[in-house]
Amino acid sequence: MVYDLPTTAEFGGKTFRIRSDFRAILDIIEAINDPDLDDWDRSEVALSIFYPDLDEIPDLQEALAFLMWFIDCGGNEQKKKGRQLIDWERDFERIIAPINRVLGYEARAVPVDEETGQGLHWWTFISAYMEIGPDCLISQVVNIRDKLARGKKLEKHEREWYRRNKSLVDLPTHYSDAEKELEKEWT
């Protein structure tokens with residue numbers, strides 16, 4: 001078990017700063033999901049956001065593994081990749097209000113120390129996210145996304161709500177610029 005909130009990483013006996021603030025991690029997730037970046041570019045962008053001193057790190061594979069461990073809040077088991085239920089960028093405005101309610105303060109108002117890269121720690125943000133409960137908009141959106149993804153039948157009130165709020169529930173497919181260009185040529 002990890003009781004402390006990690007704010008540094010260690011490679012080759014040397015300690016390196018990390019940006020543990022939730023905003024940095026959300027930027028990393030956005031880069032990882034960018035269809036215009038190849039795997040190498042995704043890794044490079046993610047690492048450069050997370051490690052202020054990236055050029056000093058001796059083993060980038062180890063650094064990437066630590067980053068993924070950190071994003072997973074210290075989890076180390078392989079998780080089955082399921083259907084995407086959250087789009088952090090698109091859903092953020094629906095996520096932040098219940099997180100603020102759980103925390104008891106405005107998460108976005110927590111300043112980021114530019115020297116250390118510390119602000120509201122990612123693990124604290126995720127802990128609050130996990131506790132938002134069923135009585136908020138994002139919970140309803142995720143519940144319907146989950147049922148649709150698993151082919152479950154929606155209750156009558158859910159079908160009606162989904163029909164009225166389809167744009168909140170349906171996640172768009174992200175196409176790369178090349179795919180968008182190809183679609184233009186076809187149409």
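Located above this text is the structure these notes cover.
Residues numbered from 1 in each chain as written. Predicted model: local features only at pLDDT ≥ 70, side-chain atom pairs only at ≥ 80, totals over all residues. Heavy atoms only, no water.

Q: Tell me what's going on with the packing of aromatic side chains, and back it up with residues and numbers.
A: Tallied over the full model, the rule gives 14 aromatic pairs. Relative to Tyr51, the ring of Phe11 has its centre 5.9 Å away and its plane inclined at 70 degrees; by these criteria the two rings are edge-to-face. Taken as a pair, Phe11 in strand S1 (residues 8-11) and Tyr51 in the loop between helix H2 (39-50) and helix H3 (60-71) lie far apart in primary sequence, 40 residues in all. Phe11 sits in the buried class, given a relative accessible area of 2%. With a centroid separation of 4.8 Å and an interplanar angle of 80 degrees, the aromatic rings of Phe50 and Tyr51 are classed as edge-to-face. For Tyr51, a relative accessible area of 1% gives the class buried. Of the aromatic side chains, those joined through ring pairs into one cluster are Phe11, Phe16, Phe50, Tyr51, Phe66, Trp69, Phe70 and Trp123. (Phe/Tyr/Trp six-rings, centres within 6.5 Å; stacked < 30°, edge-to-face > 60°. Helix = DSSP H or I, 4+ residues; strand = E, 2+ residues; numbered from the N terminus. Buried < 20%, exposed > 50% of the residue type's maximum accessible area, 1.4 Å probe, protein only.)

Q: Pulling in residues and values, what's your account of the packing of helix H1 (residues 22-32) against helix H4 (residues 88-103)?
A: Close contact between H1 and H4 brings their axes to 11 Å; oriented N to C, the two are set at 145 degrees. Contacts from Phe22, Leu26, Ile29 and Glu30 of H1 reach H4 at Trp88, Glu89 and Phe92. Looking at the contact of H1 with H4 residue by residue, the class counts come to 5 nonpolar, no polar and 2 charged. (Axes fitted to C-alpha atoms, helices over the stretch in contact; angles between N-to-C directions. Contact = heavy atoms within 4.5 Å. Nonpolar A, V, L, I, M, F, W, Y, C, P; charged D, E, K, R; others polar.)

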